[in-house]
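What follows is each chain in one-letter form.
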Amino acid sequence: MDRPLRLIPTDPLDRLARTVEALLVVASAPLSVQELAEAADDDAERIEDALRLVGERFAEERSGIVLEHVAGGWAFRAGREEAGACARLFERPAQRNLSQAALETLAIVAYLGPCTRPDVARIRGVSADSAVANLLERGLIAEAGRDTGAGGAVRYRTTPLFERVFGLESLSELPRLDDVGADAAEIRDRLQTVAERRSA
Amino acid sequence: MSGVGSTEPPRSGGAGFAGSGAGISVRELELDLDAFEGPFDLLLALVLKEELDLRDVDLAGIVTAFLERLAEREELDLEACGEFLVLIATLLELKARALFPDETAELAELEPEEAAEELARRLAEYRRAKEAAAWLRERLSAEGDRYFRLGPAPLAPKVSTQLAPQDPEALGQALSVLAQEPPEVSLSHMALRFPPVSQFLERFRALLSRRSKFDFDAEVGELTRLEQASAFLAVLELRRAGELAIEQAAPFAPIRVSRLKLEASPAEPATPGQKTAAPPAPLAQENNDREERTAAWTVRSA
């Protein structure tokens, strides 16, 4: 025991990584690189380097805590292997028992948002009131201004919580759904044959 | 929306116009809204002639105005309430229709082919929404084992510089005004001037040198209450110094003051350095003290 143990490395990046860890463990929502940089009083590039370091330490199967890039920021979450233990202790009201109507409404708001309740109703063919209220209560969507034009219906958009629950870095991660052009043509043809049969 | 029959023409509200007699006149209800100012029946007329767009009219404002009018009266005018309900319900229905154009009617106006096209477009759109929903559901079950902390983010408030730049010195000056000690309140008008106790000390010593005992009450009987208090303090002081003894037969009985022989043994241990045990000596110091104290007192209260 001649030499004292050196538990704390003096590498400045490591020092910054520890600051980032501290900020993330206190945060209850993902922190952006910008927020981390401001809080750590360092520049964004070095924060990203530090995040890589933190990501290596807190990786799936390596640690019970996992660093993830989600909802436009960085956050700690529980490792997937620990889901069972977490499920026994914690409730997840935001995503529990999402109905088909709620999921469809959520999809419409996520893809077309900000959009109004009448917009949703027009696409789904039924009133969207209760589904919208349900999603609002869960915090998956939020009000985002009003429609211009007569009446000015309230518009809705998805929240960062939505991205977090669905594990999306951002809305741009949603899969493209524009390959349904063929569907439209097919549906039209079917409708037309039905119409012809009726008029005949 | 389908519950609102589109074939039924808008109600003219004619039935609702049946006179309400001496109660509140709903039609004369004065309105002060953003889009309209005037009596209620003028608003109705303008709306029915389509000269005023109902979409711009704040119907809640009309309800509020009516309720205020209703509250002014002591009894509930049921007839007026009924009339108002009919009218406002009609207006609400008209406004709702104006805000949400009837889609079935829109489709009905189209040519069959166009209608089919439109329907196909909508169905395709809905199919897309369903696919997106299915993707979300899959995603949810795939990401279901991700647990994370939730809660409002209590981020430190950002420093906002909405105020014009301020001079810190001005703030300092403002504070220094507050930090100054307030002027002392003068008590001169309620000065309590205690006659110095020392005056009575001398007086009683002189008295006891002439007589061996005296009656306190008789001695101070002609003095004011404050002087009597001072005199009594002097007696107590002398008693403490062992120069005299005090007797009282019963509470409120006359106080008898008698001289003590001091030469034999001073009641108080002699002050060190005091060679002669002269009776007044131990008191001299105290006398001065008291005099200073009383002087200080009278000065302060002056």
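As shown above, the structure is provided for reference.
What counts as what
- Residues numbered from 1 in each chain as written.
- Chains lettered and ligands numbered in written order.
- Predicted model: local features only at pLDDT ≥ 70, side-chain atom pairs only at ≥ 80, totals over all residues.
- Pairing = 2+ DSSP bridges.
- Helix = DSSP H or I, 4+ residues; strand = E, 2+ residues; numbered from the N terminus.
- Axes fitted to C-alpha atoms, helices over the stretch in contact; angles between N-to-C directions.
- Contact = placed C-beta atoms within 7 Å.
- Nonpolar A, V, L, I, M, F, W, Y, C, P; charged D, E, K, R; others polar.
- Core = buried A, V, L, I, M, F, W, Y, C linked by C-beta atoms within 7 Å.
- Buried ≥ 20, exposed ≤ 12 C-beta atoms within 10 Å, placed from the backbone.
- Domains from an automatic or database assignment.

Engineer: An account of the sheet that holds strand 3 (residues 213-215) of chain B is needed here, citing residue identities and associated values.
Structural biologist: All names here are of chain B. Spatially, three strands are ordered 3-5-4 in an open sheet, and the strand pairing comes out antiparallel. The open sheet has two edge strands, strand 3 and strand 4 (244-248), and neither has a second partner. Neighbour-to-neighbour, the strand axes of the sheet open up by a mean angle of 20°, direction not taken into account. The pairing of strand 4 with strand 5 (residues 255-259) spans five bridges and is antiparallel. Looking across to strand 5, one finds that I246 is bridged to V257.

Engineer: Summarise the interface of chain A and chain B; cite the residues concerned and give the values.
Structural biologist: Contact with chain A, which involves 38 residues of that partner, is made by 35 residues of chain B. Of all the elements in the fold, those that place two or more residues in the side of chain A that touches chain B are strand 2 (73-78), helix 4 (83-89), helix 5 (100-112), helix 6 (117-124) and helix 9 (181-199) of chain A. Grouping the amino acids of the side of chain A that touches chain B by side-chain chemistry returns 24 nonpolar, seven polar and seven charged.

Engineer: How would you explain the sheet that holds strand 3 (residues 115-116) of chain A if you had to name every residue and give the values?
Structural biologist: Residues and elements named next belong to chain A. The three strands lie next to each other as 3-5-4, forming an open sheet whose pairing is antiparallel. Each having just a single partner strand, strand 3 and strand 4 (141-146) make up the two edges of the open sheet. Relative to strand 5 (residues 154-158), strand 4 is paired through four bridges, and the arrangement is antiparallel. Residue pairing across strands places E143 opposite Y156, the latter belonging to strand 5.

Engineer: Before we move on, can you summarise the nonpolar core with the specific residues and values?
Structural biologist: In summary, soluble globular proteins display a tendency toward joint burial of nonpolar side chains. The biggest cluster of nonpolar side chains holds 47 residues, and the ones touching the most others in it are V20(A), L106(A), A107(A), V109(A) and V120(A). By residue number, the principal contributor to this core is helix 5 of chain A, which donates seven residues. Inspection of this core shows a minimum of three residues originating in each of domain 1 (12-81) and domain 2 (100-179) of chain A. If we skip the residues at most four places from it in the chain, V120(A) touches T105(A), I108(A), V109(A), C115(A), A128(A) and V132(A). Among the nonpolar cores identified, the runner-up in size contains 14 residues, and L29(B), L44(B), L54(B) and F84(B) belong to it.

Engineer: Quick rundown of the environment of Y156(A)? Include the residues and the values.
Structural biologist: All names here are of chain A. Examined against the element boundaries, Y156 turns out to sit in strand 5. The exposure class of Y156 is buried, given the 27 C-beta atoms found within 10 Å. Note: C-alpha distance between Y156 and P114 (42 residues apart in sequence) is 4.9 Å. With residues near it in sequence (within four places) discarded, Y156 still touches V109, G113, P114, C115, V132, I141, A142, E143 and A144.

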